[in-house]
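# Coordinate inspection notes
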Amino acid sequence: MSDREAVQPGEGTDPQSGPAIADHEAAQYRIGVIGGVGAYTMWGLFPLFFHLLEPTSPLEIIGHRVIWTAVLMVGVLSLGAGWTWVRPLLADRRRTWSVVAAGFLLSANWLIYVWAVTNDRVIDASLGYFINPLVTVLLGVVILGEHLRRLQWAAVAAGAVSVLVLVLGYGAVPWVSLGLAASFGTYGLLKKQVGLGPVEALTAETFAVAPVALVGMGWALLAGELDFPGAPVSMKLLLLAAGAVTAAPLLAFGVATMRIPLSVIGLLQYLTPVIQFILGVFVFHEDVPPARLVGFVCVWVALALLSADGLRQGRRQAGVRKAARQAVARADASGAVAALPLVADAGSVGGDDTTT
């Protein structure tokens with residue numbers, strides 16, 4: 001190919017390509033937001049589902065949730081991404097044990113949550129998920145050695161004040177809220193280190209815990225303490241649906257994380273505890289004494305500070321990326337302009353050669 005053929009003005013710069021790409025990105029963003037809203041809304045409505053499972057014990061509910069989620073994920077992976085990720089995971093002992101630990105932390109989080117819902121502690125559960133972002137920030141400092149910015153320190157301080165207010169008001173440590181926040185925050189840290197996709201991660205985590213769940217369910221069956229065999233058909237169907245109820249928001253969350261920035265995910269995550277708080281107050285009619293309300297207000301202040309910091313940081317990073325793209329575009333344009341005289345000279349030389 002000659003130099004003249006190599007540089008064609010306008011080649012590969014279809015005027016329609018820019019708007020088409022922009023429209024595609026906008027569509028993907030909308031899909032991501034819908035997925036995120038759907039995931040966090042479903043998680044927020046979980047108390048309605050788990051209340052339907054009473055009087056089944058929380059341990060049996062978790063057993064069903066683990067087992068049927070594992071069964072469902074086998075089907076999802078077999079029809080989709082497949083199992084090629086398993087061998088590299090098992091070959092890395094550190095990642096394997098991290099997955100096992102994540103599975104048990106997730107199960108502990110589920111157990112605390114189900115216990116809270118079935119014991120009329122939905123508001124305490126919502127507080128736990130409000131506190132969770134603050135715990136995540138603290139884990140980043142303690143475990144990963146990250147440095148906090150001023151607004152982040154202010155948010156952590158407000159969160160600490162909220163816990164102190166709740167302890168003084170109740171006369172006891174809010175263990176449900178702190179247990180949910182600590183278990184889920186540590187679980188998220190382990191997931192980050194393992195580096196699996198959401199579907200693969202949930203499959204590995206439930207498979208790590210499934211043997212314990214099966215043994216526990218078998219022991220309860222032999223001891224005559226399993227509700228499932230004598231339960232009405234409607235209850236059996238609800239328990240079997242625990243796997244789908246668990247997987248559906250996770251799949252929607254996977255759609256969101258692939259399409260929208262983490263800053264948007266960080267804001268959407270507050271939908272879950274807000275919905276749970278509303279359900280606790282207006283559907284399950286749980287009490288909100290002044291001490292609890294003040295504690296919630298302190299947490300909301302902390303989250304507002306954390307969100308403001310995240311949005312400001314996100315804008316800064318977006319500005320840096322935009323400046324980098326503009327610099328690359330200017331460099332490309334300068335290179336193209338500089339190449340044009342060389343192409344012209346090469347063409348004229350070629351013309352001289354043909355005439356002599």
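## Observations concerning the packing of aromatic side chains
Tallied over the entire structure, the rule returns 16 aromatic pairs. Ring geometry for Tyr129 against Phe184: centres 6.1 Å apart, planes inclined by 80°, an arrangement best described as edge-to-face. Taken together, the positions of Tyr129 in helix 7 (residues 122-142) and Phe184 in helix 9 (residues 175-194) put the pair 55 residues apart, joining distant regions of the chain. Arranged with centres 6.0 Å apart and planes meeting at 75°, the rings of Phe130 and Trp300 form a pair that is edge-to-face. On the criterion of sequence distance, the pair formed by Phe130 in helix 7 and Trp300 in helix 15 (residues 290-355) is long-range, its members being 170 residues apart.

## Notes on the confidence of the model for the protein chain
In this model, the protein chain carries an average pLDDT of 84, and 87% of its residues clear a pLDDT of 70 or more. Throughout residues 1-13 the model reports pLDDT below 50, and contacts reaching past four residues in sequence, or to other chains, amount to eight contacts. A low-confidence stretch, residues 342-356 stays under pLDDT 50, and its non-local contacts, those more than four residues away or across chains, total five contacts.

## Some words on unusual backbone geometry
The step from Glu54 to Pro55 runs through a cis peptide bond, and the omega angle for that step is 10°. Relative to the helices and strands, Pro55 is located in the loop between helix 3 (46-52) and helix 4 (58-79). Its identity is not glycine, yet Asp120 carries a phi of approximately 60°, on the positive side. Take Asp120: it is sitting in the loop between helix 6 (93-118) and helix 7. When its relative accessible area of 46% is taken as the criterion, Asp120 is described as partly exposed.

The rules behind these values
Residues numbered from 1 in each chain as written. Predicted model: local features only at pLDDT ≥ 70, side-chain atom pairs only at ≥ 80, totals over all residues. Heavy atoms only, no water. Phe/Tyr/Trp six-rings, centres within 6.5 Å; stacked < 30°, edge-to-face > 60°. Helix = DSSP H or I, 4+ residues; strand = E, 2+ residues; numbered from the N terminus. pLDDT = per-residue confidence, 0-100. Contact = heavy atoms within 4.5 Å. Buried < 20%, exposed > 50% of the residue type's maximum accessible area, 1.4 Å probe, protein only.

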